[in-house]
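Okay, here's what each chain looks like letter by letter:
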Amino acid sequence: SQTIHQWPATLVQPVGSPLSLECTVEGTSNPNLYWYRQAAGRGLQLLFYSVGIGQISSEVPQNLSASRPQDRQFILSSKKLLLSDSGFYLCAWGALRPGANVLTFGAGSRLTVL
Amino acid sequence: QQPVQSPQAVILREGEDAVINCSSSKALYSVHWYRQKHGEAPVFLMILLKGGEQKGHEKISASFNEKKQQSSLYLTASQLSYSGTYFCGTGVSQGGSEKLVFGKGTKLTVNP
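None of these values were measured; they are calculated from a predicted model.

(A) Summary view of the state of the cysteines. Residue and element names in this part refer to chain B. Applying the stated criterion across every chain, the model contains two disulfides over all chains. At a sulfur-sulfur separation of 2.0 Å, the disulfide partner of Cys22 is Cys88. Of note, the bridge from Cys22 to Cys88 carries an S-S torsion of about 75° and is right-handed in sense. Here the residue Cys22 occupies a position in strand E3 (residues 18–23), and Cys88 occupies one in strand E9 (residues 84–94), the gap between them amounting to 66 residues. Classification of Cys22 as buried rests on a relative accessible area of 0%.

Right, here's the structure in full:
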């Protein structure tokens, strides 16, 4: 069966510090991978998605970047965090077939920027 | 492209029914429904792919009216465990793959 791991679960970072969130998927190959952010009390905002190694689509211009160095690894990064980067970050994977791209989410990483 | 959900919040007593609506300004070819409990990740409920399709999951069901660019989620005889935020997502095909764009969510609270 497929599983998705996301870490760290919680982190508190000062403004201006770097960020690296990691997501790995097991039990499937060539998945679509997604990063979503959920600000406090708000909806799910799609940040990045990837259909393959090195292929990243950015949805919202911002202080963040994403990379996919391996087929089942997806990394969210920032060089200098802003207060507005605080939120609940969710990684998800989906099957390839459009129209049936059911997403399975990781447990999430809660980031607080102080 | 973001679908619009209504209402934003619903408060029910156990056993009551609720309807959550999801609409889009563009024609939809798929609608996804997810539920998120507080502090947890969203969990997939169901997907509707065809106009006129209806699906059920325990006492939660959904319909998809493709012509109206709308989907509705029906929760009947609500249970305490139904509390959470419900999101609809619309599939956007792009370059042979698909991204899911979610609405802002509907917070459902079921009280004893």
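(B) The pattern of salt bridges, seen in detail. Under the counting rule described, the total for this entry stands at three salt bridges over all chains. Between Lys99 of chain B and Glu59 of chain A there is a salt bridge, with the nearest N and O atoms lying 2.7 Å from each other. Residue Lys99 of chain B is found in strand E10 (residues 97–102), and its partner Glu59 of chain A is found in the loop between strand E6 (55–58) and strand E7 (65–70); the two belong to separate chains. In this structure, Arg68 of chain A and Asp71 of chain A form a salt bridge, with 3.2 Å as the shortest nitrogen-oxygen distance. Classification of Arg68 of chain A as buried rests on a relative accessible area of 3%.

(C) Structural context of the sheet that holds strand E7 (residues 60–65) of chain B. Residue and element names in this part refer to chain B. Taken in spatial order, the five strands line up as E1-E3-E8-E7-E6 in an open sheet, and their pairing is antiparallel. Two strands close off the open sheet at either side, each with one partner strand: strand E1 (4–6) and strand E6 (54–57). Neighbour to neighbour, the strand axes of the sheet diverge by 15° on average, direction disregarded. In terms of strand pairing, E3 meets strand E8 (residues 70–75) through six bridges, oriented antiparallel. If you follow Ile20 over to E8, its bridge partner there is Leu73.

(D) Region of interest: the confidence of the model for chain A. Looking at chain A, the pLDDT average stands at 91 and 94% of residues meet or exceed 70. At the level of individual helices and strands, chain A shows its lowest average pLDDT in E6 of chain A, which scores 91, and its highest in strand E8 (residues 73–78) of chain A, which scores 97.

(E) Structural context of the environment of Val25 of chain A. Residues and elements named next belong to chain A. By the secondary structure assignment, Val25 is in strand E3 (residues 19–26). Val25 gets classed as buried once you look at its relative accessible area, which sits at 3%. For Val25 and Phe74, which are 49 residues apart along the polypeptide, the C-alpha to C-alpha distance reads 8.7 Å. In contact with Val25, not counting residues within four places along its chain, are Thr3, Ile4, Leu33, Arg72 and Trp93.

(F) Examining the interface of chain A and chain B more closely. Taken together, the contact pairs 24 residues of chain A with 23 residues of chain B. Taken together, the connections running from chain A to chain B amount to four residue pairs in polar contact (both at pLDDT 80 or more). Of all the secondary structure elements, the ones that give two or more residues to the side of chain A that touches chain B are strand E4 (32–38), strand E5 (45–52), strand E9 (87–94) and strand E10 (103–105) of chain A. Ranked by the residues each element gives to the side of chain A that touches chain B, the list is headed by E4 of chain A, at four residues. The class makeup of the residues in the side of chain A that touches chain B is 15 nonpolar, six polar and three charged.

(G) The arrangement of the side chain of Thr28 of chain A in detail. Among the secondary structure elements, Thr28 of chain A is positioned in the loop between E3 and E4. When residues no more than four places from it in sequence are discounted, the contact partners of Thr28 of chain A are Gln2, Arg72 and Trp93 of chain A.

(H) Just the sheet that holds E3 of chain A, in detail. Residue and element names in this part refer to chain A. Here four strands make up an open sheet; going across it, the order is E1-E3-E8-E7 and the pairing antiparallel. Strands at the two margins of the open sheet, each flanked by one partner only, are strand E1 (3–7) and E7. Pairwise comparison of adjacent strand axes, ignoring direction, gives a mean angle of 20° for this sheet. Sheet topology note: the E3/E8 ladder contains six bridges and is antiparallel. Residue Leu19 lies in a different strand from E8, and its bridge partner there is Ser78.

Thresholds, definitions, all that
Residues numbered from 1 in each chain as written. Chains lettered and ligands numbered in written order. Predicted model: local features only at pLDDT ≥ 70, side-chain atom pairs only at ≥ 80, totals over all residues. Heavy atoms only, no water. Disulfide = S-S within 2.5 Å. Helix = DSSP H or I, 4+ residues; strand = E, 2+ residues; numbered from the N terminus. Buried < 20%, exposed > 50% of the residue type's maximum accessible area, 1.4 Å probe, protein only. Salt bridge = Lys/Arg side-chain N within 4 Å of Asp/Glu carboxyl O. Pairing = 2+ DSSP bridges. Axes fitted to C-alpha atoms, helices over the stretch in contact; angles between N-to-C directions. pLDDT = per-residue confidence, 0-100. Contact = heavy atoms within 4.5 Å. Polar contact = N/O pair within 3.5 Å; in protein donor to acceptor, adjacent residues only side chain to side chain. Nonpolar A, V, L, I, M, F, W, Y, C, P; charged D, E, K, R; others polar.

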